[in-house]
Amino acid sequence: MRFLHTADWQLGMTRHYLSPDAQARSTEARFEAVRALGRVAEQHGCAFVVVAGDVFETNQVGRDVVARTCEALAEVPVPVLLLAGNHDPLDAGSVMTSERFRRLAPEHVHVLDGTPVEVAGVQVLSAPWRSKRPVEDLAARACADLAAEPHVRRVLVAHGAVQSYGAAAPDPAVMDLAALERLLDDGALDLVCLGDRHSTTDVGRTGRVWYAGAPEPTDHDEEDPGNVLVVDLGEPGEPGGPAAIGRHPGDAGAPARPDVVVTRVPVGRWRFRRLRMELDTDEDVDALEALLSDLPDKSRTALKLGVVGSLSLAQKARVDVLLEHAGDLLGALQVWERRSDLVVRADAGDLDALGLSGFALEAAEGLARRAQAPVTADLLAGGPAGERGRLPSTPDAVAAQDALSLLHRLAAAG
Amino acid sequence: MRILRLRLQSFRGVVDHEVVPSPSGVTVLVGENEVGKTSVVDALDLLLDEYDDSRKRLVRQTQPVGQDVATVVEAEIRAGRHRFTYRKQWHRQPSTRLVVHEPAPEQLAGREAHARVLEVLAEEVDLPLWRALRLQQGVGLEQAELDARSSLAQALDATVAESVGGEREETLVARAEAEHLRYSTPTGAVRVEGRQLLADVEAAQARVVALEREVAEVDRVVDRLDRAREDATAERSAGARDAADLRAAQERLLALRLVRRTAEVAAADLASATAQSATAQQGLAERSALRRRVQELVEAAQERATALVVAEGALAGAQERLETAGAAAEAAAVGAGRRRTERDAVVRAAGERAEEVAVERLRGVLAAHDQAVVVVAAAEADLAVRHVDEAALADVEELHRAWVEARGRAGASAPVLVLRGAGVVVTTADGERELGPDPEEVRLSGGTWFEVGGLRVEARPTGEQERAESSARRAADALAGRCAALGVPDLAGAAAAAHARRTAVAALDAAQGDLRRAAAGEDLGAARRRVARWDAARPTPPPGGGSAGPGDTGGPDDAGTLDLRQAESEAALSRAAAEETRTAARLEAAAAALEDHRRRVAEARADVEAAAARADLLAADLASARSGSGDDALGQVAETALALREAAQERLATAEAAVRDAGVEDAEADLAVLRDRVDDGRKRLRGLEDEVGALAAVLDDRGGAGTVEQLAQARADHDRLSRELAARERRASAARTLHEALQEARARAHAAYVQPLRAEVERLAAPVFGADVRVEVGPDLRVVSRTLDGVTVPYDQLSTGAREQLALLGRLACAVLVSGGAGVPVLVDDALGWSDERRLDGMARALSLAGASCQVLVLTCVPERYRKVTGATTVRLRA
C-alpha cells in the first residue's frame with residue numbers, strides 16, 4: 001500500500017526579493033508542483049496523497065489562488081487529504097472551510113478535521129491546527145488513548161516542530177517525539193507524516209517519522225527541499241525489503257509488521273542558492289563569471305551572493321557588469337549586503353590605467369585618497385584595516401569609491 | 001606641424017600654384033583679392049578633412065566655374081617625427097596618395113591614406129589648436145578658444161610643473177557633468193525621477209502599513225468570530241438550564257396564589273376605609289376654615305370704618321388750609337395792583353417831560369425859519385429892480401468900443417493945424433482963449449472954426465471926413481440910446497449897475513441857504529402841528545413861568561430824579577408781583593390737597609361698604625352650612641370613619657403575615673429573577689448570533705481578497721523601490737562627487753597655467769603697447785583686460801584695433817608656447833586692418849618675435865602692413 005506524503009505547499013506565497021516577473025514564475029511553479037506530485041502519485045501507484053499542513057501560505061489568500069489550487073488538485077488522480085497547519089489553521093477564517101473552497105474543491109479532496117478517516121484500508125489520524133497559537137501538543141491529543149489493534153494500520157498527519165530528546169519545550173504546542181515513538185513502537189501507529197520543516201527530514205530513530213519538506217523550495221536556508229515522499233507501508237504480513245529507507249534495525253521487540261519504505265522524489269524546479277565569494281584578483285572575478293554563467297536554469301534560480309574583498313577600479317567595474325547581467329538573467333539576485341564588503345582601491349597603477357592626465361588625474365588621485373581615508377586612518381590608529389572582513393568605511397569614502405568606479409566607466413567609454 | 005609646401009591645381013581661381021613657406025618664421029603670402037589667398041587655408045582644410053570622392057557642397061565649389069577639371073591639393077607636411085607628402089584629387093578621377101618620407105618610407109592610397117594621415121596628425125599634432133590659432137578675416141576680434149587644448153596644456157605643464165587635461169579630460173568633465181545632471185538639476189535639486197522614486201517608496205510604505213492594518217483587522221475578526229461562536233454555544237446550554245428552572249418555579253407559585261388573594265381583599269378594604277375617613281376629616285376641616293374666614297372679614301370691616309373717620313378729619317383740615325391761602329392771595333393781588341398804578345404814573349410823568357423839551361426845540365426851529373423867509377423875500381425884491389445883468393453890460397461895452405473906433409477913424413481923417421503964438425488970442429466955438437507958449441494943434445473936423453486976429457478959419461470937411469464923422473455920430477447915438485434904456489449914464493454906470501446886481505444875487509443865495517439850514521431836517525408841517533397840539537393841550541402858562549413844562553406836577557423835576565423814581569417803583573412792583581405768584585401757587589396746592597383728601601374719603605367709604613358686604617355674604621354661607629349639619633355632627637362622623645379604618649388595617653396586617661409565612665414573595669422574587677435570567681440569556685444569545693453573522697459576513701467579504709498576498713506584494717514593492725532608491729542615491733552621490741572633484745581640480749589647474757600664457761602675451765605685447773603693458777588672462781585663457789600706464793581697460797572696451805592686436809598676440813603666444821612637437825602654424829588672414837602705423841610696426845616686431853619659434857603664415861593683399869617683420873619670407877600668389 002503506497003501513498004504520497006507532502007507538505008508545506010504554501011500556495012499564494014510571495015518573496016520580496018523576486019521581481020514581479022519572477023514572482024509570477026514562482027507562483028506558477030507552486031501550482032505546477034501540485035500537478036507534478038499528482039503525476040508522481042500516479043506513476044508510483046499511490047492510493048492517496050496526504051498534505052501535512054500549510055497548504056496555503058495564509059488563510060487570507062486571494063480567490064484566484066483558491067481557484068487555481070482547486071484546478072491543480074483536480075489533476076491529482078487520487079484522493080487528497082489536506083491538513084491545516086500554522087499558516088492556514090481551521091479557525092473562523094480558514095480557507096479550507098470557506099464556502100468558496102468547498103464549492104470549488106474536487107470530490108476527492110478531503111479536509112482532515114481531527115476525525116479519523118479510513119482510506120485505502122488505512123486509518124488516517126489528523127492533528128489540524130485550529131488557531132495560530134495552539135496551547136497543547138495537538139499530535140498527543142489526536143493519539144490520546146490510542147492502542148494497537150490487530151489489522152488496523154494507522155498514519156498520523158501532523159504539523160509543527162518536534163521536541164528533541166531531553167530538550168525542554170518552551171512552546172506547549174511542540175510535539176513530543178518520544179511519545180510518538182512509543183506509539184510507533186507499540187504498533188498503535190505505523191507512520192507519522194509531518195509538515196512544517198521545509199527540508200526533507202527523517203526525524204528520530206524509528207524511520208517512521210518524516211518531514212516531507214516543501215515540494216518547491218521557498219528560501220535559501222532550506223537544506224533538501226523540492227521533494228515529495230512516496231511511502232510504501234507494505235502489505236499486512238509482508239516483511240520489509242532490505243532496501244527500505246528509514247527502517248530501524250534495532251527494533252527487535254516490535255510485533256512483526258511490514259517495514260516502511262520512504263522514497264524521495266524530487267518535483268521542485270526552483271533553486272535557492274547562497275554563495276559567498278572573496279574577490280581580490282582578476283582570477284577571483286573570472287571565477288565569479290564562470291560560476292554565474294554555469295548556473296543552470298537561471299530564470300528559476302534565486303541567488304544570494306555575498307562578496308568581500310578589495311578590487312581595483314577595472315575589476316570592480318567588471319564585477320558590476322557581471323552582477324548586472326546576472327541580475328537580468330536570474331530569477332532573483334540578492335547581493336548579500338550584510339556580509340558584502342567589497343572595497344574599491346585605486347592605486348597608482350590603477351589610475352595610470354585610466355590614461356588620465358592633468359587635472360582629471362589629480363581629481364582621480366584625490367578621490368582615491370578619500371576612498372582610502374578610513375582605512376588609512378584605521379591603519380594609523382593601529383587597527384586591522386586592509387585585512388579580510390569588514391573594513392572601516394564612511395559615507396564619504398563610499399561616495400569616493402563609487403565616484404572612482406563611475407570615472408572608470410566614463411573613461412572606459414573612450 | 002609645419003607646412004613645408006602646398007600646391008593647388010584648378011582650385012577655384014587658382015590654375016596651378018605652389019607655395020613654399022618658410023618652415024619656421026613668418027611667411028607673408030601676398031595676393032590681390034580674388035587671387036585665392038584664402039584658398040590656401042581652405043585647401044589645407046579640404047586636404048585634411050574631406051575624402052576625395054566627397055560630394056559635399058564645399059568640395060564641389062572648389063572646381064573652377066564652368067570647367068570640368070580635377071581639383072588637386074598637394075602638401076608636404078612635417079608633423080613631429082613624420083614628414084610626408086599628401087595629395088588629393090577631386091571631381092575627376094578622385095584619388096588620394098600619401099608618401100611618408102620620415103621616419104620610415106611608406107606609401108598609401110585611398111581611404112587608407114586618409115586614415116593614416118589622420119592617425120599621424122592625431123598622434124603628433126593638436127588639430128583643435130590648429131583651428132583655434134587661425135585669425136580669419138571677419139572673426140579677427142574674437143579671441144581663440146584655447147580652453148585646455150592638450151598641446152597647450154602640455155606646453156604650459158612644462159612651464160609651470162602643473163598639469164591640465166586635454167580633450168580627453170574635457171570629455172570626461174562633460175560626461176561627469178552629464179551623469180551628475182541625470183540626477184540633479186543645475187541648481188542642485190533632485191530631479192523629478194528621483195523625487196518620484198522617493199514618493200513611490202513612501203507610497204509603497206503607506207500601502208504596506210494600510211495592508212498590515214487590514215490583515216491584522218481580519219485576524220482580529222477571525223479571533224472574535226471564534227470567540228463569539230464559543231460564547232454562543234455556552235449561552236445556548238446555559239439558556240436551556242435556566243428555562244427548566246423557570247418552569248419549576250412557576251408551578252410552585254400557583255399553589256401560593258390563594259393566600260395572597262386574601263391579603264389582596266384586606267388591602268382593598270383598608271383602602272376603602274381610608275378613603276371614607278379622609279372624606280370626613282376633610283368636611284370637618286372645611287367647616288372650621290369657614291368659621292375662621294367669617295371672623296376675619298368682620299374684623300377687616302371694622303378696620304375700614306376706623307380708617308374712614310381718620311380720612312374725614314384730614315379733609316376738614318385741608319379745607320381750612322385752603323381758605324387761609326385764599327385770603328393771603330387776595331391781599332397780595334391788591335398790593336401788586338397798587339404798585340402797578342404807582343409805576344404807571346411815574347412813567348407817564350417822564351414821558352410828558354420829554355415831550356415838552358422836544359416841543360421847545362421845535363419852536364426855536366420854526367422861528368428861525370420864519371426869519372429866513374423874510375430875508376429871502378427882501379433879497380428877491382432887490383434883485384428884481386436891478387436889470388443890468390452880465391449880458392446887458394457886454395452889449396454896452398460893445399457899443400462903446402464901436403463908438404470909440406468910429407470916433408478914432410473920424411479924427412484920423414481930419415487935417416491938423418499947428419498954432420504957434422504965445423499970448424495970441426483966439427476965438428473958437430468954445431470962446432476966446434490965449435495961446436500958450438507951446439505950439440497947439442487944432443484938428444480941423446467938420447464945422448471947426450477959430451478966429452485969430454480976425455481971421456476966421458473954418459474947416460470944410462472932405463467927403464470921406466464927413467462919412468467918418470457921420471459914422472461916429474451914429475455910434476454915439478446907439479451907445480447913448482442903449483444906456484438910456486438901461487437907465488445908466490454911460491459905460492461906467494452900466495458896469496456899476498452890473499456889479500450891484502451880482503451882489504444882490506449873492507445875497508439872495510445866502511438868504512436861501514440860511515432858510516434851508518433853519519429847517520434843520522425837520523418836517524416843518526409836522527413840527528408845527530406837534531407844537532400846536534402841545535399848546536392846545538396846555539392851559540395858558542402861569543404868569544412868570546414861561547419856560548416851565550406842562551407836565552410839571554409840583555416842584556421841578558429833572559430827568560435824573562424821574563429815572564430814580566421809575567426804578568424804585570419798578571422794583572416795588574416786581575416784589576409785589578412775586579408775592580402775588582407765591583400766594584397763588586399756595587392756593588392752588590391747597591385746592592389740590594383738598595381734592596386728594598376728598599377722594600380718599602370717598603375710597604375709604606367704599607372700602608367700608610365692600611368689607612361689610614363680604615362679611616355679610618360669608619356669614620350667610622356659614623349659617624346655611626350649619627343649617628345642613630351642625631359643627632358637632634360633623635365631628636362625630638369623622639371619629640366613626642377613623643375607627644373603621646383602624647379595623648381594616650388590622651385585618652390587612654393579619655393577611656400579610658399569612659402571605660409572608662407562606663413564602664409567596666420569595667417564590668415570586670425567584671420567578672422574576674429566573675425570568676430576567678432567561679430573558680438576558682436570550683438577549684445575549686441574540687447578540688452573539690448577530691455578532692457571528694456580522695463577523696462571518698465581514699470575513700466572507702474579506703476572504704478571497706488575497707490581502708496577505710497583497711501585503712507581501714506591497715512589501716516586495718517597497719523593498720524593490722527602496723533598493724532602487726538607495727542605488728539611485730548612491731549613483732547620484734557618485735556622480736556628484738566625481739563632478740565636483742573634476743570641477744575643482746580643473747579650476748585649480750586652469751588657475752595655475754594661466755600664468756605662463758600671460759607672461760608670453762606680455763612679452764609679445766611689449767613692442768606693440770610698450771614695455772610696461774600688462775594683461776590679465778582669465779581661466780578660459782582669454783585676455784580679460786589690458787593695463788597700460790596704470791590704466792586697466794577690459795578687453796571688450798578696448799578699441800577695435802587693440803582688440804584685434806590682442807587677439808593675434810594671444811594666438812601667437814599660444815603658438816610660441818606650443819612650438820615644440822605638437823605645435824601648429826598660426827594662420828593670419830588679412831588682419832591688422834584697424835592698426836595704425838605705429839602699432840603696425842609693433843605688431844611686426846611681435847610677429848618677428850613669434851616667428852623665431854613657430855611657423856606663421858600671413859595672407860594679405862596689403863603686404864606693406866608686414867614690411868617690417870624681420871626675417872619674413874614674402875611669397876606672391878598668382879592666379
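Residues numbered from 1 in each chain as written. Chains lettered and ligands numbered in written order. Predicted model: local features only at pLDDT ≥ 70, side-chain atom pairs only at ≥ 80, totals over all residues.

### Looking at the overall build of chain B
Moving on, step 1. Per the secondary structure count, chain B includes 18 helices and 19 strands.
Moving on, step 2. Scored against the burial criterion, the 879 residues of chain B give a buried share of 26%.
Moving on, step 3. If you take every contact in chain B between residues at least 6 apart in sequence, the share linking residues at least 24 apart comes to 74%. (Helix = DSSP H or I, 4+ residues; strand = E, 2+ residues; numbered from the N terminus. Buried ≥ 20, exposed ≤ 12 C-beta atoms within 10 Å, placed from the backbone. Contact = placed C-beta atoms within 7 Å.)

### Looking at helix α9 (residues 358–380) of chain A
Residues and elements named next belong to chain A.
Moving on, step 1. Residue alanine 373 marks the point of greatest curvature in α9, where the axis turns by about 50°; the proline proline 374 follows within four residues.
Moving on, step 2. Every buried residue belonging to α9 is among Gly358, Phe359, Ala360, Glu362, Ala363, Ala364, Leu367, Ala368, Arg370, Ala371 and Gln372, and all of these are buried.
Moving on, step 3. With its phi angle positive at about 80°, glycine 382 sits one or two positions after the end of α9. (Bend = angle between axes of the 7 residues up to and from the residue.)

### Things to note about unusual backbone geometry
Excluding glycine, residues mostly have negative phi values, and the peptide bonds linking residues are mostly trans.
All names here are of chain B.
Moving on, step 1. In this structure, the amide linkage connecting glutamate 102 to the following residue, proline 103, adopts the cis form with an omega of -5°.
Moving on, step 2. Here proline 103 is to be found in the loop between β6 (95–102) and β7 (106–109).
Moving on, step 3. Its identity is not glycine, yet aspartate 789 carries a phi of approximately 50°, on the positive side.
Moving on, step 4. Residue aspartate 789 is classed as exposed on the basis of its C-beta count, with 8 C-beta atoms lying within 10 Å.

### Some words on the sheet that holds strand β10 (residues 431–434) of chain B
All names here are of chain B.
Moving on, step 1. Ordered by their spatial adjacency, four strands build an open sheet running β10-β9-β12-β13, and the pairing between neighbours is antiparallel. The open sheet has two edge strands with one neighbour each: β10 and β13 (455–458). Neighbouring strand axes in the sheet, compared pairwise and without regard to direction, differ in orientation by 25° on average.
Moving on, step 2. Pairing analysis gives three bridges linking strand β9 (residues 425–428) to strand β12 (residues 449–452), with the strands arranged antiparallel. Bridging across to β12, threonine 428 finds its partner in phenylalanine 450. (Pairing = 2+ DSSP bridges. Axes fitted to C-alpha atoms, helices over the stretch in contact; angles between N-to-C directions.)

### Let's talk about the nonpolar core
Moving on, step 1. Within the largest apolar cluster, 131 residues are counted, with the highest numbers of intra-cluster contacts made by Val49, Val51, Leu156, Val157, Cys193, Ala364 and Leu404 of chain A.
Moving on, step 2. Of the residues forming this core, the biggest block, 13 residues, is contributed by helix α16 (residues 707–769) of chain B.
Moving on, step 3. Counting the residues that make up this core, at least three belong to each of domain 1 (2–266) and domain 2 (271–412) of chain A.
Moving on, step 4. In this structure, Val59, Ala75, Val826 and Leu827 of chain B belong to the second largest nonpolar core, which totals 78 residues. (Core = buried A, V, L, I, M, F, W, Y, C linked by C-beta atoms within 7 Å. Domains from an automatic or database assignment.)

### Looking at the interface of chain B and chain A
Moving on, step 1. Contacts between chain B and chain A engage 41 residues on the former and 39 residues on the latter.
Moving on, step 2. Put simply, the parts of the chain that give the side of chain B that touches chain A at least two residues each are α6 (167–183), α7 (192–255) and α16 of chain B.
Moving on, step 3. Counted by class, the side of chain B that touches chain A contains 20 nonpolar, ten polar and eleven charged residues. (Nonpolar A, V, L, I, M, F, W, Y, C, P; charged D, E, K, R; others polar.)

### What to know about helix α10 (residues 463–486) of chain B
Residue and element names in this part refer to chain B.
Moving on, step 1. The terminal C-alpha atoms of α10, which comprises 24 residues, lie 35 Å apart, in line with the 34 Å expected from a rise of 1.5 Å per residue.
Moving on, step 2. Taken residue by residue, α10 has Gln465, Ala468, Glu469, Ala472, Ala475 and Leu479 as its buried positions.
Moving on, step 3. On its buried side, α10 packs onto α9 (390–413).
Moving on, step 4. Immediately beyond the C-terminal end of α10, within one or two residues, lies glycine 487, with a positive phi of roughly 80°. (Expected span 1.5 Å × (residues − 1).)

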